[in-house]
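Coordinates in review
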Amino acid sequence: MAGGAATGAAPLSTTRRKALAGASGWKGLAENRKVFLIAVFASLGGLLYGYNQGVFSSVLGMHNFQETMGDAVTNSGKKGWLVAILELGAWVGVLMTGYFADKLSRKYTILLAVVVFCIGVIVQTTAKAPPSIFGGRFVTGLGVGSLSMAVPLYNAELAPPEVRGSLVALQQLAITFGIMISFWIDYGTNYIGGTGETQSEAAWRIPLALQLVPALILGAGILFMPFSPRWLVNQGREDEALQVLSRTRNLPVDHELVQIEFLEIKAQYLFEKETSEAKFPQYQDPSFSSQFKLGFYSYLSLIVDRKLLWRVAVASLTMFFQQWTGVNAILYYAPSIFQSLGLTGNTISLLATGVVGIAMFLATIPAVIWIDQVGRKPVLVSGAFLMAGCHFIVAILTSLYHDSWTSHSSAGWAACAFVWLFAIGFGYSWGPCAWIIVAEIFPLSIRGKGMSIGSSSNWMNNFIVGQVTPSMLEHIGYGTFVFFGLFSFLGGCFIWFFVPETKGVSLEEMEELFGNTADLAVEDLNRLEAIHKRLGLIVDGIDVKADEESGKVSHEEEKIERA
């Protein structure tokens, strides 16, 4: 029986797991090749989002698209809605995904999101008028939002703690790769039929249609990927969970490391399950009504429980500050921004936009390799301050030369260079690390719902940024960069003072990091200790604290457990 190996044998310790765990960073990825390759494939969802985000930025500036869509592009208010409606759809998609991720599995939720995404892309590609673009982008957003939550959740639950950050960072690497290739595809297709009056519809329809290629590959391939072992334990399919851990770690089922990791997952699940049974015994039957109420109270617990509310606040504010760095203002309106900095002609601005994609993609690679060695906080804080500095410098240059770029071309190129440096700052820091934090910090039983609320903050703020940026650029000019610079600085301060370091902490040990285990009531501590003893698992420091609270263990037993 799954987990039975520990019964009657020597207790398994989480400290022992840390000693047995492999290296972090690039070496760790090489040692976990199966997990790495599975995560790379699943991160095609990020590529879909990145490509969709980048492709529309340049499509907005294409002559034929502007002629076809009329004032939906030329009017700053309508243009904001045309861009931001995808984020509104993504916000709705994220909120729905929490339920589907727990009910259908992370794997099949990704498949469902791909189907919805493809429907939206087809509607956009065949659009003849603005309503089709609006509708298509909203439906595409439903799929993209779902993928933005389901993919990092899947990667985080499949990955060993020592490389979890690097694997989740692959999501952002895939996003930046999608942005990069979309910019350069747009740059090429912009020439189909010419760049002016003779430009063909294919100039913008082809890059929109190409989104279907990675979507279909992901949708077909995800069927052959394993289920999340943590989701399998949640469903009572323990033997399957052990098999997945064994295959992905490339170790036998009875290996000590596999057994310890499995028991950690199972202990956390049993604790949350038994706590739910104690709190809501009337909702434990499998009926739809009871399951709905259990789900409702799981969401409600994120608000009424002070410690869980703190996790929601960390996730939501991290995503808030990620968006208000202004990154998507740059990505969505890069051609317009570069033209405002003195670059003349649509072709040159598209070329400069392509450099943004390259800079951001290359900067994300170090995050994938070293994030589990350096940690989350140093990366986020340094990135925030770098981006703030870039915004302030661009604001100063724009305030001085916005009326005379033609006679100060060197200042215009300097401003462009700091936009590219901003892209580098975001690429190595807030791009990957914000998603890592949101994927890490929630308990198993409400992880899907917690991530859906945290990620929804990303999309709602993304929507607002996309909506207001055209008007900000039109009415306050260089003040836009000052605004985003201030929020970048505040984001760095928030991480510095209020967010704990999660590097190398297992998803189950996250309870202790956020203070939940240390401050639980005696009844809950006793329940957690009983589960650990039942499974033969010692969580160093926690079981001793529980026994001290209840007065159950002797001084000698306490010394043995601490040894």
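None of the values given here were measured: they were computed from a predicted structure.

1. Brief notes about the overall build of the chain
- Secondary structure assignment for the chain yields 28 helices and two strands.
- Within the chain, the proportion of its 563 residues that are buried is 57%.
- Sequence separation of 24 or more characterises 80% of the internal contacts of the chain that already satisfy a separation of 6 or more.
- Counting every atom, the chain has about 20,800 Å² of accessible surface; 67% of that belongs to carbon and sulfur.

2. Comments concerning the side chain of arginine 249
- Position of arginine 249 among the secondary structure elements: in helix H14 (residues 238-249).
- Side chain to side chain, arginine 249 and threonine 248 meet in a polar contact 3.1 Å long.
- Contacts of arginine 249, omitting those with residues within four sequence positions, involve Val35, Leu158, Ala159, Pro160 and Glu261.

3. Observations concerning unusual backbone geometry
- Residues other than glycine seldom take positive phi values, yet serine 105 does so here, at roughly 105 degrees.
- Looking at where serine 105 falls in the secondary structure, it is placed in the loop between helix H7 (76-103) and helix H8 (106-125).
- Judged by its relative accessible area of 0%, serine 105 is buried.
- We note that asparagine 250 has phi near 60 degrees; this positive angle belongs to a residue other than glycine.
- When you line up the elements, asparagine 250 lands in the loop between H14 and helix H15 (256-279).
- With relative accessibility at 56%, the residue asparagine 250 sits in the exposed group.

4. Structural notes on the packing of H14 against H15
- In the contact formed by H14 and H15, the axes pass within 10 Å of each other and the chain directions differ by 135 degrees. With respect to H15, the axis of H14 lies oblique. Handedness of the crossing formed by H14 with H15: right-handed. Across the interface between the two elements, Glu238, Ala241, Leu242, Leu245, Ser246 and Arg249 from H14 touch Val258, Gln259, Glu261, Phe262, Ile265 and Lys266 from H15.
- Tallied by class, residues from the contact of H14 with H15 come to six nonpolar, two polar and four charged.

5. Quick notes on the confidence of the model for the chain
- In this model, the chain carries a mean pLDDT of 80, and residues with pLDDT of at least 70 account for 84%.
- By mean pLDDT, the top-scoring element of the chain is helix H24 (residues 479-498) (94), and the lowest-scoring one is helix H28 (residues 555-562) (40).
- Residue range residues 1-9 is modelled with pLDDT below 50. Its contacts to residues more than four positions away, or to other chains, number 15 contacts.

6. Considering helix H22 (residues 430-440)
- Burial analysis of H22 places eleven of its eleven residues in the buried class, which makes it a mostly covered element.
- Every buried residue of H22 is accounted for by Trp430, Gly431, Pro432, Cys433, Ala434, Trp435, Ile436, Ile437, Val438, Ala439 and Glu440.

7. With respect to the nonpolar core
- Counting 127 residues, the largest nonpolar core has Phe65, Phe338, Leu341 and Trp430 as the members making the most contacts within it.
- At ten residues, the largest contribution of residues to this core is made by helix H9 (residues 130-158).
- Grouped together as the second largest cluster of nonpolar side chains are six residues, Ala39, Leu170, Leu173 and Val368 included.

8. What to know about the packing of aromatic side chains
- Following the criterion strictly, the structure yields 28 aromatic pairs and no others.
- We note lysine 107 situated over the ring of phenylalanine 227; from NZ or CZ to the ring centre the distance is 4.5 Å.

9. A few points about the environment of methionine 451
- Looking at the secondary structure, you find methionine 451 in helix H23 (residues 447-475).
- On the accessibility criterion, methionine 451 (0% relative accessible area) is buried.
- Separated by 139 residues in sequence, methionine 451 and valine 312 have C-alpha atoms that sit 8.5 Å apart.
- Leaving out residues up to four positions away in the same chain, methionine 451 has contacts with Met149, Pro152, Leu153, Val438, Ala439, Phe442 and Ser456.

10. Let's talk about the pattern of salt bridges
- Applying the stated criterion across every chain, the model contains nine salt bridges.
- Note that glutamate 201 is salt-bridged to arginine 205, the shortest N-O span being 3.1 Å.
- Note that arginine 534 is salt-bridged to glutamate 274, the shortest N-O span being 2.8 Å. Of this pair, arginine 534 sits in helix H26 (residues 522-535) while glutamate 274 is found in helix H15, placing the two residues 260 residues apart along the sequence.
- Three or more residues joined by partner-sharing salt bridges are found here, namely Asp102, Arg106 and Glu157.

Cut-offs and rules
Residues numbered from 1 in each chain as written. Predicted model: local features only at pLDDT ≥ 70, side-chain atom pairs only at ≥ 80, totals over all residues. Heavy atoms only, no water. Helix = DSSP H or I, 4+ residues; strand = E, 2+ residues; numbered from the N terminus. Buried < 20%, exposed > 50% of the residue type's maximum accessible area, 1.4 Å probe, protein only. Contact = heavy atoms within 4.5 Å. Areas by Shrake-Rupley, 256 points an atom, 1.4 Å probe, with all protein chains shown as cover. Polar contact = N/O pair within 3.5 Å; in protein donor to acceptor, adjacent residues only side chain to side chain. Axes fitted to C-alpha atoms, helices over the stretch in contact; angles between N-to-C directions. Parallel < 35°, antiparallel > 145°, perpendicular 65-115°, else oblique. Left-handed = near helix turned anticlockwise from the far one by under 90°. Nonpolar A, V, L, I, M, F, W, Y, C, P; charged D, E, K, R; others polar. pLDDT = per-residue confidence, 0-100. Core = buried A, V, L, I, M, F, W, Y, C linked by side-chain atoms within 4.5 Å. Phe/Tyr/Trp six-rings, centres within 6.5 Å; stacked < 30°, edge-to-face > 60°. Lys NZ or Arg CZ within 6 Å of the ring centre and 35° of its normal. Salt bridge = Lys/Arg side-chain N within 4 Å of Asp/Glu carboxyl O.

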